[in-house]
Amino acid sequence: MIIDDLAVPIVLAPMAGGPSTPELTVAVTEAGGFGLLAAGYLSAADTAARITATRAATDSPFGVNLFVPGPATPTAAFADYLAELAREHPLGDAKYDTDDWDAKLDLLVADPVAVVSFTFGCPTAEEIARLRAVGSESWVTVTSVAEARIAVERGADVLIAQGAEAGGHRATFVDRPEDDATDPLSVLALLQLLTAATDKPVVATGGIGTGAGIAAALAAGAAAVQLGTVFLRCPEAGTNPVHRAALAAGTPTMLTRAFTGRRARGLRNQFMVEHSATAPVAYPEIHYATAPLRAEARAAGNSDNVNLWAGQTHTLAPELPAGELVRTLAADTKTALNSALSRRIQDC
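Everything numeric in this text was worked out from a predicted model, so none of it was measured. (Residues numbered from 1 in each chain as written. Predicted model: local features only at pLDDT ≥ 70, side-chain atom pairs only at ≥ 80, totals over all residues. Heavy atoms only, no water.)

Enquirer: Mind showing me how you'd approach the overall build of the chain here?
Expert: Across its full length, the chain holds 13 helices and 11 strands. Taken over C-alpha atoms, the radius of gyration comes to 19 Å for the chain, in line with the 20 Å a tight globule of 348 residues would show. Once the C-alpha set of the chain is aligned to its principal axes, its extents read approximately 65 × 45 × 40 Å. Here the chain, with 348 residues, has 53% of them falling under the buried criterion. Total accessible area on the chain is roughly 14600 Å²; 52% of this is exposed by carbon and sulfur atoms. Of the charged side chains in the chain, 25 are positive and 38 negative, and the gap between their average positions amounts to 4 Å. (Helix = DSSP H or I, 4+ residues; strand = E, 2+ residues; numbered from the N terminus. Rg over C-alpha atoms; globule rule 2.2 N^0.38 Å. Buried < 20%, exposed > 50% of the residue type's maximum accessible area, 1.4 Å probe, protein only. Areas by Shrake-Rupley, 256 points an atom, 1.4 Å probe, with all protein chains shown as cover. Lys, Arg positive; Asp, Glu negative; His and termini not counted. Charge placed at Lys NZ, Arg CZ, Asp CG, Glu CD.)

Enquirer: Teacher, can you tell me more about helix 13 (residues 322-342) here?
Expert: Along an α-helix, a turn takes 3.6 residues, which lines up residues three or four apart on a common side. Compared with an ideal rise of 1.5 Å per residue, which puts 21 residues at 30 Å, helix 13 spans 30 Å between its outermost C-alpha atoms and is within 8% of the ideal. For helix 13, the set of buried residues is Ala322, Gly323, Leu325, Val326, Leu329, Ala330, Thr333 and Ala336. Buried residues of helix 13, seen end-on, are gathered within an arc of 155 degrees and therefore sit on one face of the element. Along helix 13, exposed side chains directed more than 90 degrees from the buried face belong to Arg327, Lys334, Thr335, Asn338 and Ser342. (Expected span 1.5 Å × (residues − 1). Arc of directions from axis to C-beta.)

Enquirer: Help me understand unusual backbone geometry in this model?
Expert: The phi angle of most residues is negative, glycine excepted, and most peptide bonds adopt the trans form. Each neighbour pair has its own omega, and for Tyr283 with Pro284 the value is 10 degrees, a cis peptide bond. Positionally, Pro284 belongs in the loop between helix 10 (270-275) and helix 11 (285-289). A positive phi angle, near 70 degrees, is found at Tyr41, a position not held by glycine. Among the structural elements, Tyr41 can be located in the loop between strand 2 (34-38) and helix 2 (44-57). Judged by its relative accessible area of 27%, Tyr41 falls in the partly exposed class. In this structure, Asp100 is a non-glycine residue whose phi angle is positive, near 60 degrees. By the element assignment, Asp100 lies in the loop between helix 3 (79-86) and helix 4 (101-110).

Enquirer: Teacher, can you tell me more about the sheet that holds strand 11 (residues 264-267) here?
Expert: Think of a sheet as strands paired side by side through backbone hydrogen bonds, with each pair either parallel or antiparallel. Ordered by their spatial adjacency, three strands build an open sheet running 7-11-10, and the pairing between neighbours is antiparallel. The strands lining the two open edges of the sheet, one partner per strand, are strand 7 (168-169) and strand 10 (253-256). (Pairing = 2+ DSSP bridges.)

Enquirer: Just checking my understanding: could you explain the nonpolar core for this structure?
Expert: Across soluble globular proteins, nonpolar side chains have a tendency to be buried as a group. If you look at the biggest cluster of nonpolar residues, it comprises 65 residues, and the most contacted ones within it are Ile10, Leu24, Leu66, Leu227 and Phe231. When residues no more than four places from it in sequence are discounted, the contact partners of Leu66 are Ala39, Trp101, Lys104, Leu105, Leu108, Val116, Ser117, Phe118 and Thr119. Among the nonpolar cores identified, the runner-up in size contains 16 residues, and Leu82, Leu85, Ala258 and Met272 belong to it. (Core = buried A, V, L, I, M, F, W, Y, C linked by side-chain atoms within 4.5 Å. Contact = heavy atoms within 4.5 Å.)

Enquirer: Where do I start with the sheet that holds strand 8 (residues 202-205) in this structure?
Expert: The eight strands lie next to each other as 1-2-3-4-5-6-8-9, forming a closed barrel whose pairing is parallel. Between one strand axis and the next, the sheet turns by 25 degrees as a mean value, whatever way the strands run. Across the sheet, helix 1 (residues 22-30) is in contact with strand 1 (10-12) and strand 2; its angle to strand 2 comes to roughly 165 degrees. Sitting on the sheet, helix 8 (residues 211-219) is in contact with strand 1, strand 8 and strand 9 (224-227), with an inclination near 140 degrees to strand 9. (Axes fitted to C-alpha atoms, helices over the stretch in contact; angles between N-to-C directions.)

Enquirer: Help me out: how do you make sense of the packing of aromatic side chains in this one?
Expert: For any pair of aromatic rings, the description rests on two quantities: the centre-to-centre distance and the angle between the ring planes. The final tally for this structure, using the stated rule, is seven aromatic pairs. On the numbers, 4.7 Å between centres and 40 degrees between planes, the contact of Phe67 with Phe120 is tilted. Here the residue Phe67 occupies a position in strand 3 (residues 63-67), and Phe120 occupies one in the loop between strand 4 (115-119) and helix 5 (125-133), the gap between them amounting to 53 residues. The exposure class assigned to Phe67 is buried, which follows from its relative accessible area of 10%. Residue placement shows Lys95 over the ring face of Tyr288; its charged tip is 4.5 Å from the ring centre. The positively charged end of Arg262 is found above the aromatic ring belonging to Phe120, 4.1 Å away from the centroid. (Phe/Tyr/Trp six-rings, centres within 6.5 Å; stacked < 30°, edge-to-face > 60°. Lys NZ or Arg CZ within 6 Å of the ring centre and 35° of its normal.)

So this is what it looks like as structure tokens:
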């Protein structure tokens, strides 16, 4: 397993939509971690180009993340919401697509990478078998034990346990409004449940931004941690300037469907406050419809109309080169583990 050979148990989260770049993937990988390259919102051709660019800069293994497509949403389910937004904002076509799923799978079978990770669902057993046949491990992101059991049954090699603290989209297989009344599991709670339910390696993700946080996840049974928000201010990240500047502020985060039609965690802003209550489940249709208003806001430096995805520990993200950050986190993790081991436990 790739995860067993890492010098540093840190996996770069695949942050689609801009922050993920070949340069960031390479920097984390070269520092001893494992880089996942985001292919979400990219065509198969663009994904191939980014794989080529990454390979040109490192001989170390890396992975690619894919979005598992869900069903299309009937127009009637989101028409009223778009009418509400259109009164104040420019909108685009609320289209449905599969994110070039079939073509990307074919690409990764023809030109394999070490790991293919999945978000928003689990591929079929046959699709996982295709990847295994060419030497690729399949890592599936889960938010519950029930999802983990599906992934294991279909042949997943590694489970990525996404806690409620995580920035960006919730990786739930099905986004259900009726589940909103139930508290989503924190990363430590989910990690403990998964390690009790399966013997598959588990990578913990969500709100982990320090060596102490990494140490806690490792002590709770994680084989590694996946970090995203903490890398957003690195110079190698393609983070938009509006987003980059907002991360340092103490703005709280919240979950919303307002920007994309799928529940996601970001820095609370005016658009989220005004529209979260009425936003429907309609992904990727709402994502495409709001793309022009978000682009306009970024160009104007307006942080109130941009999806500022971030985890709950976003204020801990430093402005450091990614390789230096990996090395710092690794050293701090060792210190935290040694400190924990040095604590005296009284005999009962």
